[in-house]
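The residues making up each chain are set out below.
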Amino acid sequence: MGGQNPRSEISKVRAMDISLFLFPASVLAPVGLMLVAALLARLKRVGTAGLWRVFQTLSGSAVLSIGVAVWLGPGTLPLPSALQTSRLGLILALGVQVLGTVIGGFSARYLQGEAGQRRYVAALAGVLAAVHVLLLADHWVVLVAAWALVGMPLQHLLCFYPDRAFARLAALKKRIADRAADALLAAAAALAWMEVGCGSLSALWMHIAQAGASPALQLSALLLVLAVALRTALLPVHGWLIQVMEAPTPVSALLHAGVVNLGGFVLIRFAPLLEQAAPARAVLLAFGLATAVLAGMVMLTRISIKVRLAWSTVAQMGFMLLECALGLYTLAALHLIGHSLYKAHAFLSASTVVRQTRLQSLHGPSSASLLSLAGAPVLAFAGVLSVQLLSGQSAWPWWWSAVLALAWAPLLWLPEVSAAHPARALRLLAGGVMVVGLTGAALLAHALPLGIQDAPQHEAGLVALSGLLTLYALLAVLQRRPRWLAGGWRWSYAGFYVDEAYTRLALRLWPACWAPEPRTHAGLPIACLSADRRPLAT
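Residues numbered from 1 in each chain as written. Predicted model: local features only at pLDDT ≥ 70, side-chain atom pairs only at ≥ 80, totals over all residues. Heavy atoms only, no water.

**Description of the overall build of the protein**
What the protein contains, in helices and strands, is 22 helices and two strands. A burial count over the protein gives 52% of its 538 residues as buried. If you sum the accessible surface of the protein, you get close to 24,700 Å²; carbon and sulfur atoms cover 67% of it. (Helix = DSSP H or I, 4+ residues; strand = E, 2+ residues; numbered from the N terminus. Buried < 20%, exposed > 50% of the residue type's maximum accessible area, 1.4 Å probe, protein only. Areas by Shrake-Rupley, 256 points an atom, 1.4 Å probe, with all protein chains shown as cover.)

Okay, structure coming up:
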């Protein structure tokens, strides 16, 4: 028998030692790099231009570090206690850091000459560091603390222009929603901790697999869902996400493409608990479906591009949480990633979108024909099913294929105005190609090894399908008989007055001087009025 080469064995041992160090270091390095950037922003010795260059260098290094962690793969090597990686978490961490790098470069140009750039850099780096910790959390304490820390530096970004009243009001309403969510999440953690005997999330999954979900864990799941609804800007606490348009555009991009999506990740992480908690899923279904339908209607009434994008985010968050309620966690993860990429591009190129919208408006409005309104969902449904059959994959239930058909049916609408038959046929063919392409892309993305196990809820799926059928019917009526919805249109434009009710309640429970304008009301600043417009003591 030939002996093994001692040098080869030594090389393997050294490689293993390096790997044992490299993976934890590459996962944790982005947190440290962003904290360094936040600390450097406090040093007066570094000029503003130099500070932005340092931030971009550190952020780019963090991107490379996360890339190494993704290449090594999750769960292959140990991390410190209370932290754990997953493939989805690593992918999201990479996306968040890339987004932070792009936003940093955009902000350096966007804020050129503005005061308070050091505070901005420190807050941006602090948000990114806290998000990385949240994506690694495997303990209730780490999860609660990290999610709370995300909101603290975010308040400084929202109030970057302190003289803007609605920016301060948005920050106030978000702070109230965040503190309520923190309390709900802490209560959920306490219930689960008492039931399992420790705060480890991995231990919680093992306990559920062996003993199921007790009444205490059922209540914990319900509190978790309510906390996520508050953090994700679902109706009725969505107003701060709309009013945050007063903040700088890169802050809007960070919020809509990054921070607000964290609720979806948390729900996917807690999928084992949600599968055992039918009441929590029912509440999540109600919030998600109502938000998707109502926010979708409001979005159609808005003219401002940025406000429409904001309402679109609210509707998409409702849709993503609806997917979690239906047990379609893989689709929710893909929705999260796709929505982040789209909204980052949409906000950072908002001026281009404005120009495109103006060009489209020159062609004048044209309503869809009655035949296309009725036939488009059928054709889209046939297209989705055909692609599934040809691929041999059954990635989702039939009712979700119907939901996708309703969502993509407008691609097949044909205008009522007279047009040449070849032009109409070409438009229909282009729409069909887009439906087939989107279905194929969804199937390919669904095959990615994200390590997520779906658990479709068929009864809830039928409820969701009914709600989205209602939304499509309203859209069809709006195309053909808009006068029938004239009264509802006014309500829809006002956001169904949901945010006004929440604002009054927030100011009644937490009166605050949220706008520093010098205008007066009975001799006192108008910013210091309570919900019922009674002047507050200053």
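**Re the pattern of salt bridges**
One pass over the structure, following the stated rule, counts six salt bridges. Between arginine 179 and aspartate 182 there is a salt bridge; the shortest N-O distance is 2.8 Å. A residue pair is termed a helical-turn pair when its members lie 3 or 4 positions apart in one helix, as arginine 179 and aspartate 182 do in helix H6 (residues 165-196) at three residues. For aspartate 182, a relative accessible area of 14% puts it in the buried group. The salt bridge involving arginine 231 is made with aspartate 182; its shortest N-O contact spans 2.4 Å. On the criterion of sequence distance, the pair formed by arginine 231 in helix H8 (residues 215-231) and aspartate 182 in helix H6 is long-range, its members being 49 residues apart. Aspartate 182 shares its class with arginine 231; the two are buried. Each of the salt bridges in this network shares a partner with another, and the network as a whole consists of Lys174, Asp178, Arg179, Asp182 and Arg231. (Salt bridge = Lys/Arg side-chain N within 4 Å of Asp/Glu carboxyl O.)

**Considering helix H11 (residues 262-269)**
An α-helical segment advances 3.6 residues per turn. Residues three or four places apart therefore align on the same side. With respect to burial, H11 is a largely interior element, eight of its eight residues being buried. For H11, the set of buried residues is Leu262, Gly263, Gly264, Phe265, Val266, Leu267, Ile268 and Arg269.

**Structural notes on a nonpolar patch on the surface**
Nonpolar side chains collect at one region of the surface, where Leu426, Leu429 and Val433 lie side by side and expose about 320 Å² of accessible area between them. Note on placement: leucine 426 falls in helix H19 (residues 421-446). (Patch = residues over 30% accessible without salt bridge, like charges linked within 9 Å, V, L, I, M, F, W, Y side chains within 5 Å.)

**A closer look at the side chain of arginine 118**
Within the element layout of this structure, arginine 118 appears in helix H4 (residues 117-136). The side chain of arginine 118 sits in the buried core without any salt bridge; glutamate 114 is the nearest counter-charge, 14 Å away. Within the structure, the side chain of arginine 118 is placed 2.7 Å from the backbone oxygen of leucine 43, a separation counted as a polar contact. Discounting chain neighbours no more than four positions away, the residues touching arginine 118 are Leu40, Ala41, Leu43, Lys44, Val46, Gly47, Thr48 and Leu51. (Lys, Arg positive; Asp, Glu negative; His and termini not counted. Polar contact = N/O pair within 3.5 Å; in protein donor to acceptor, adjacent residues only side chain to side chain. Contact = heavy atoms within 4.5 Å.)

**Section: the environment of glutamine 155**
Within the element layout of this structure, glutamine 155 appears in helix H5 (residues 140-158). Residue class for glutamine 155 comes out buried when judged on its relative accessible area of 13%. Between the C-alpha atoms of glutamine 155 and leucine 172, which are 17 residues apart in sequence, the distance is 8.7 Å.

**Comments concerning the nonpolar core**
Ranked by size, the top nonpolar core spans 167 residues in total, and within it Phe55, Tyr120, Trp140, Phe270, Leu326, Trp396 and Trp400 carry the most contacts. It is helix H14 (residues 305-325) that contributes the most residues to this core, 14 residues altogether. With residues up to four places along the chain from it excluded, the contact list for tryptophan 396 reads Leu331, Val384, Gln388, Ser401, Leu404, Thr439, Ala442, Leu443 and His446. Listed in part, the five residues of the second largest apolar core include Phe23, Val27, Ala69 and Leu90. (Core = buried A, V, L, I, M, F, W, Y, C linked by side-chain atoms within 4.5 Å.)

**Description of the environment of isoleucine 66**
If you trace the backbone, isoleucine 66 turns up in helix H2 (residues 48-72). Classification of isoleucine 66 by relative accessible area gives buried; the value is 1%. Each C-alpha atom, one on isoleucine 66 and one on leucine 94, is 5.7 Å from the other, the two residues being 28 residues apart in sequence. Setting aside residues up to four positions removed in sequence, isoleucine 66 forms contacts with Ser26, Val27, Pro30, Leu90, Ala93, Leu94 and His132.

**Brief notes about the packing of H6 against helix H22 (residues 498-509)**
Closest axis-to-axis distance for the H6/H22 pair is 11 Å, and the angle between their directions is 75 degrees. With respect to their mutual orientation, H6 and H22 come out roughly perpendicular. Seen from H6, the contacting residues are Leu169, Leu172, Lys173, Ile176 and Ala177; seen from H22, they are Asp499, Tyr502, Thr503, Ala506 and Leu507. Looking at side-chain class alone, the contact of H6 with H22 contains seven nonpolar, one polar and two charged residues. (Axes fitted to C-alpha atoms, helices over the stretch in contact; angles between N-to-C directions. Parallel < 35°, antiparallel > 145°, perpendicular 65-115°, else oblique. Nonpolar A, V, L, I, M, F, W, Y, C, P; charged D, E, K, R; others polar.)

**A closer look at the packing of aromatic side chains**
Under the definition given, this model contains ten aromatic pairs. Considering the side-chain rings of tryptophan 205 and phenylalanine 270, the 5.2 Å spacing of their centres and the 90 degrees angle between planes classify their relative orientation as edge-to-face. Of this pair, tryptophan 205 sits in helix H7 (residues 201-211) while phenylalanine 270 sits in the loop between H11 and helix H12 (271-275); the two residues are 65 residues apart in sequence, bridging distant segments of the chain. Using a relative accessible area of 1% as the deciding quantity, one classes phenylalanine 270 as buried. (Phe/Tyr/Trp six-rings, centres within 6.5 Å; stacked < 30°, edge-to-face > 60°.)

**Some thoughts on the confidence of the model for the protein**
On average, the protein scores 85 in pLDDT, and the residues at 70 or more come to 86%. Counted against residues more than four places away or in other chains, residues 519-538, with its pLDDT under 50, gives 35 contacts. (pLDDT = per-residue confidence, 0-100.)

**Structural notes on the packing of H4 against H5**
The N-to-C vectors of H4 and H5 enclose an angle of 160 degrees; their axes lie 8 Å apart at closest approach. Our classification of the angle between H4 and H5 gives roughly antiparallel. The two elements H4 and H5 cross, and the hand of that crossing is left-handed. Contacts between H4 and H5 pair Arg119, Tyr120, Ala123, Leu124, Gly126, Val127, Ala130, Val131, Val133 and Leu134 from the former with Val142, Leu143, Ala146, Trp147, Leu149, Val150, Pro153, Leu154, His156 and Leu157 from the latter. Broken down by class, the residue content of the contact of H4 with H5 amounts to 17 nonpolar, two polar and one charged. (Left-handed = near helix turned anticlockwise from the far one by under 90°.)

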